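Listed below, chain by chain, are the residues.
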2 protein chains.
Amino acid sequence: MAGKIIIVGMGPGDSSMMTGEAFEAMKNSDIIVGYTVYVDLVRNLFEDKEFFTTPMKQEIERCKACFDFALDGKNVAFICSGDAGVYGMAAPMYELSEQYPEVELTVIPGVTAALSGAALLGAPLNHDFCVISLSDLLTPWELITKRLEAAIHGDFAIAIYNPSSKKRHDHLQKACDIMINAGAELDRACGYVENIGRDGTKTCTCTLRELRDSEVNMFTTVFVGNSRSRLINGKIVTPRGYRINE
Amino acid sequence: MAGKIIIVGMGPGDSSMMTGEAFEAMKNSDIIVGYTVYVDLVRNLFEDKEFFTTPMKQEIERCKACFDFALDGKNVAFICSGDAGVYGMAAPMYELSEQYPEVELTVIPGVTAALSGAALLGAPLNHDFCVISLSDLLTPWELITKRLEAAIHGDFAIAIYNPSSKKRHDHLQKACDIMINAGAELDRACGYVENIGRDGTKTCTCTLRELRDSEVNMFTTVFVGNSRSRLINGKIVTPRGYRINE
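Quick look at the structure, then. (Residues numbered from 1 in each chain as written. Chains lettered and ligands numbered in written order. Predicted model: local features only at pLDDT ≥ 70, side-chain atom pairs only at ≥ 80, totals over all residues. Heavy atoms only, no water.)

Bringing the relation of the copies chain A and chain B into the picture now. One copy of the chain maps onto the second through a rotation about an axis and a displacement along it. The transformation that overlays chain A on chain B combines an axial shift of 0.0 Å with a rotation of 180°, and the residual RMSD is 0.0 Å. Taken together, the rotation angle and the small translation identify this as a two-fold axis. Interface overlap between copies: 100% of the residues of chain A at the interface are likewise at the interface in chain B, consistent with a symmetric, same-surface contact. (Least-squares fit on C-alpha atoms with pLDDT ≥ 70 in both. Contact = heavy atoms within 4.5 Å.)

Bringing the environment of R147 of chain A into the picture now. On the secondary structure map, R147 of chain A appears in helix α6 (residues 141-153). Not counting residues within four places of it along the chain, the set of residues in contact with R147 of chain A comprises I132 of chain A together with H127, D128, G154, D155, F156 and N226 of chain B. Separated by 3.4 Å, the side chains of R147 of chain A and H127 of chain B make a polar contact. (Helix = DSSP H or I, 4+ residues; strand = E, 2+ residues; numbered from the N terminus. Polar contact = N/O pair within 3.5 Å; in protein donor to acceptor, adjacent residues only side chain to side chain.)

Counting residues at the interface gives 69 residues for chain A, matched by 69 residues for chain B. Across the interface of chain A and chain B, roughly 6,100 Å² is buried in total on both sides, 59% from carbon and sulfur atoms. Our count for the chain A to chain B interface comes out at four salt bridges. In this structure, R147 of chain B engages D128 of chain A in a salt bridge whose closest nitrogen and oxygen atoms are separated by 2.7 Å. (Buried area = accessible area lost by both parts, 1.4 Å probe. Salt bridge = Lys/Arg side-chain N within 4 Å of Asp/Glu carboxyl O.)

What follows concerns the pairing of strand β2 (residues 31-35) of chain A. Residues and elements named next belong to chain A. Summarising burial for β2: five of the five residues are buried, a large majority. As paired strands, β2 and strand β3 (residues 50-54) are joined by five bridges and run parallel to one another. Directly across from I31, in β3, lies its bridge partner E50. Note that the unit made of β2, helix α2 (residues 36-42) and β3 has a crossover that is right-handed. Pairing of β2 with strand β4 (residues 76-80), which is carried by three bridges, proceeds in the parallel orientation. Paired with I31 across the two strands is V76, which belongs to β4. (Buried < 20%, exposed > 50% of the residue type's maximum accessible area, 1.4 Å probe, protein only. Pairing = 2+ DSSP bridges. Right-handed = clockwise from strand over helix to strand, strands pointing away.)

As structure tokens, then:
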């Protein structure tokens, strides 16, 4: 009989930011599968467990390995950082599942970087918001541009994933220019967080003009407020609309 | 000396979907404050704890009570369902904090309904997405309309909060009409979840045309795919863009 696969959102990394059901899914599995870096974050929690890792850019091989382990009768915990359904492996797993109808899939949600980063910066996403990735590995830059423009036109607060990489060091600057040209004010409240929930967490709040000239790395999540966001004692606050002083 | 306030996202309700740090924050507090319904979900976990609740529509009174308890020297865990920074109390707390400079605020993130609902429906938010509330108690309907249109123009997947209430039973229908007029296909993959993480969880996947004519209640989170989303074995899957069959 085929094993089951649970696709687990493990949160930003630190085990204290994992949900109880994510922990239980890993504990009760026969094998934990994931990207090498994320598996290394949980190895010490489950020392007698079997592990299987693949490096970056081998995502589909990693997915197929999960199905192969399940066909061998193993119950698999397939771990993703943050939430498995936000730029994670949930979608490709469901797409592949058409080829493996005997294998049951379940997704366990986790705290994605939009939420964990927002908490460190104050309340930047406390009204309607968008989440946009600047990675053009799988998405044409024209579509990323269109989404950044639409986000500004709709006056959304924005969480930006994958703002930079070795090959794309100027993507955040380009994105800021697109947002400014779409009408975002230069002094809009912005910020970013590096290494959320891991060693070396670093936060910064700034204006959109300053964000444009900031150097960020691939472990950074960026936040752009909406037109009503403001900085309060170094925190980005996007008001919900309550009348506070009455 | 003033106590500290930790604003805690408790996830959808079930304690298994809470993070470890959310649980610890409640356990280590002197008093747990929140909306009556959410406090009732954690009372049995912390039986010897002091609790303070206020009913719906008394959000600012609830916030001010937290500061008053802190000024009395108590460490406060202020709980919100889902994530405290997504339509939660984090923003009004930071706005009020200007009046209470001696009180330290911390936010602990939690699994918001966009993530927990998405996990139950498959992977509807697995590419760029928006989160939009249809509640016009604090937001003009014109702005909600503008955001729904922008979300479709940007081809975002969408999570919709507060799709209905006793006084606004037709808001979801109006929102669907706005999205259809903005160019969303009638057969777009959609779905909704009622009572996530609580008794009576119910999921449904459907087309946008069917969603328009669905009756949902105030405990429902609605999902609208992007133009590339599709239904696979009853799950909504928004592809990330991986080439699956090569």
